[in-house]
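One letter stands for each residue in the lines below.
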Amino acid sequence: MILSIDLILLFFVVLIAVAAITLRDLLSAVILLGAYSFLMALIWVELQSVDVGFTEAAVGAGATTAFLIAAVSRTTRWEKKK
Amino acid sequence: MKEEQGERDVIIETVARVMIPFIQLFALYVIIHGAGGPGGGFQGGVVFASGFILYIIAFNLAGGRKRFPESANTILSSVGLYIYAGIGLLAILFSFGAAQYLNYGFIPFTSHFEENRALGMDFVEMGIGITVMAIIASIFFDLAEKDEKQKEGEDG
């Protein structure tokens, strides 16, 4: 466990999470959530929990991104303005 | 998810065709080595289904449906569950009334207790992997496919 790597990864996770909920382009938000899951997987591996990191990489970055892209392709790409 | 047959990308199709066998071989490796290392039935099943999803994204939905039809989907998703529950019930039967559910050592695959336990664990992981693979592919098909009604009404 290396503190500086942890801090860098957590900083990027927070940055990506804030960007994903503020974007109006839903496809970009989905791709950002994929990057979020990948960084979370890196954090799990860094915390010596390889099994959880592997699950996060397979489900979060792989399957969920494909599901959400399929959902976006069936509905609409841009969020409506309020 | 290219709907039209006309637009084809040589690079994407070639990379997908080369990658898919390795992805699925890696998934089988993850399922088999789940007992001793990181991984297991769930992760291996998800990785195996990712191969199907990559095929559908690179080629088209209809071809993916032809290679993995709905009937196979239903059968596989229940076969995995039956393997999982059946191994547990076999353990109950062979433990002679002690009701050792999912204590695989009692099933006489071989003559050694520990070997039986490892083999039973592998079979249960295979059952989990089959079910998870079928269900993940099924969710993706349901999300990406359009019904007949929606095809007429909306576009895209």
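Just so we're clear, the structure is a prediction, and the values are computed from it rather than from any experiment.

Caption draft 1: Broad picture of the overall build of chain B. Looking only at helices and strands, chain B has six helices and zero strands in total. Counting all 156 residues of chain B, 37% fall into the buried class. Residue pairs in contact within chain B that sit at least 24 positions apart in sequence constitute 57% of those at least 6 positions apart. Accessible area for chain B stands at about 9,100 Å²; split by element, carbon and sulfur atoms hold 66% of it.

Caption draft 2: Up close: the nonpolar core. Core analysis: the largest hydrophobic core is formed by 22 residues, its most contacted members being Phe-67 of chain A together with Val-46, Ile-53, Ile-136, Phe-140 and Phe-141 of chain B. Going through the elements one at a time, helix H3 (50-74) of chain A together with helix H1 (10-32), helix H2 (41-58) and helix H5 (113-144) of chain B are the ones with two or more residues in this core. Take this core: its biggest share by element is seven residues, from H5 of chain B. In this structure, Val-13, Leu-39, Met-40 and Ile-43 of chain A belong to the second largest nonpolar core, which totals six residues.

Caption draft 3: The arrangement of the interface of chain A and chain B in detail. Counting residues at the interface gives 14 residues for chain A and 21 residues for chain B. When the two sides are added together, the surface that chain A and chain B hide from each other amounts to roughly 1,400 Å², 70% of it contributed by carbon and sulfur. Taken as a group, Phe-54, Phe-67 and Arg-74 of chain A account for 47% of the area that chain A buries against chain B, more than any other trio of residues on that side. Taken together, the links from chain A to chain B amount to zero salt bridges. Across the chain A-chain B interface, the total number found is four residue pairs in polar contact (both at pLDDT 80 or more). Of the residues that constitute the side of chain A that touches chain B, the class distribution is nine nonpolar, three polar and two charged.

Caption draft 4: Representation of the pattern of salt bridges in the model. All names here are of chain A. Counted by the stated rule, this structure contains two salt bridges over all chains. As a salt-bridge pair, Asp-25 and Arg-77 come within 2.9 Å of each other at their nearest N and O atoms. In this pair, Asp-25 is assigned in the loop between helix H1 (3-22) and helix H2 (26-46) and Arg-77 in the segment after H3, connecting sequence segments 52 residues apart. Arg-77 gets classed as partly exposed once you look at its relative accessible area, which sits at 38%.

Caption draft 5: View of the side chain of Asp-25 of chain A. All names here are of chain A. Classification of Asp-25 as buried rests on a relative accessible area of 10%. One polar contact links Asp-25 to Ser-28, side chain to side chain, over a distance of 3.0 Å. Engagement of the side chain of Asp-25 in a polar contact is seen with the side chain of Arg-77, the distance being 2.9 Å. Aside from chain neighbours lying at most four places away, what touches Asp-25 is Arg-77 and Trp-78.

Caption draft 6: Inspection of H2 of chain B at higher detail. The terminal C-alpha atoms of H2 of chain B, which comprises 18 residues, lie 26 Å apart, in line with the 26 Å expected from a rise of 1.5 Å per residue. When you tally the buried positions in H2 of chain B, you get 13 out of 18 residues, the bulk of the element.

Caption draft 7: Quick peek at the side chain of Gln-43 of chain B. Tracing the backbone through its elements, the reader meets Gln-43 of chain B in helix H2. The exposure class assigned to Gln-43 of chain B is buried, which follows from its relative accessible area of 7%. Here Gln-43 of chain B is in contact with Asp-51, Phe-54 and Thr-55 of chain A together with Val-30 of chain B, once residues within four sequence places are set aside.

Caption draft 8: The arrangement of H3 of chain A in detail. Along its 25 residues, H3 of chain A runs 35 Å from first to last C-alpha, staying within 8% of the 36 Å computed at 1.5 Å per residue. Among all positions of H3 of chain A, only Gly-53, Phe-54, Ala-58, Gly-60, Ala-63, Thr-65, Ala-66, Phe-67, Ala-70, Val-72 and Arg-74 of chain A are buried.

Conventions adopted
Residues numbered from 1 in each chain as written. Chains lettered and ligands numbered in written order. Predicted model: local features only at pLDDT ≥ 70, side-chain atom pairs only at ≥ 80, totals over all residues. Heavy atoms only, no water. Helix = DSSP H or I, 4+ residues; strand = E, 2+ residues; numbered from the N terminus. Buried < 20%, exposed > 50% of the residue type's maximum accessible area, 1.4 Å probe, protein only. Contact = heavy atoms within 4.5 Å. Areas by Shrake-Rupley, 256 points an atom, 1.4 Å probe, with all protein chains shown as cover. Core = buried A, V, L, I, M, F, W, Y, C linked by side-chain atoms within 4.5 Å. Buried area = accessible area lost by both parts, 1.4 Å probe. Salt bridge = Lys/Arg side-chain N within 4 Å of Asp/Glu carboxyl O. Polar contact = N/O pair within 3.5 Å; in protein donor to acceptor, adjacent residues only side chain to side chain. Nonpolar A, V, L, I, M, F, W, Y, C, P; charged D, E, K, R; others polar. Expected span 1.5 Å × (residues − 1).

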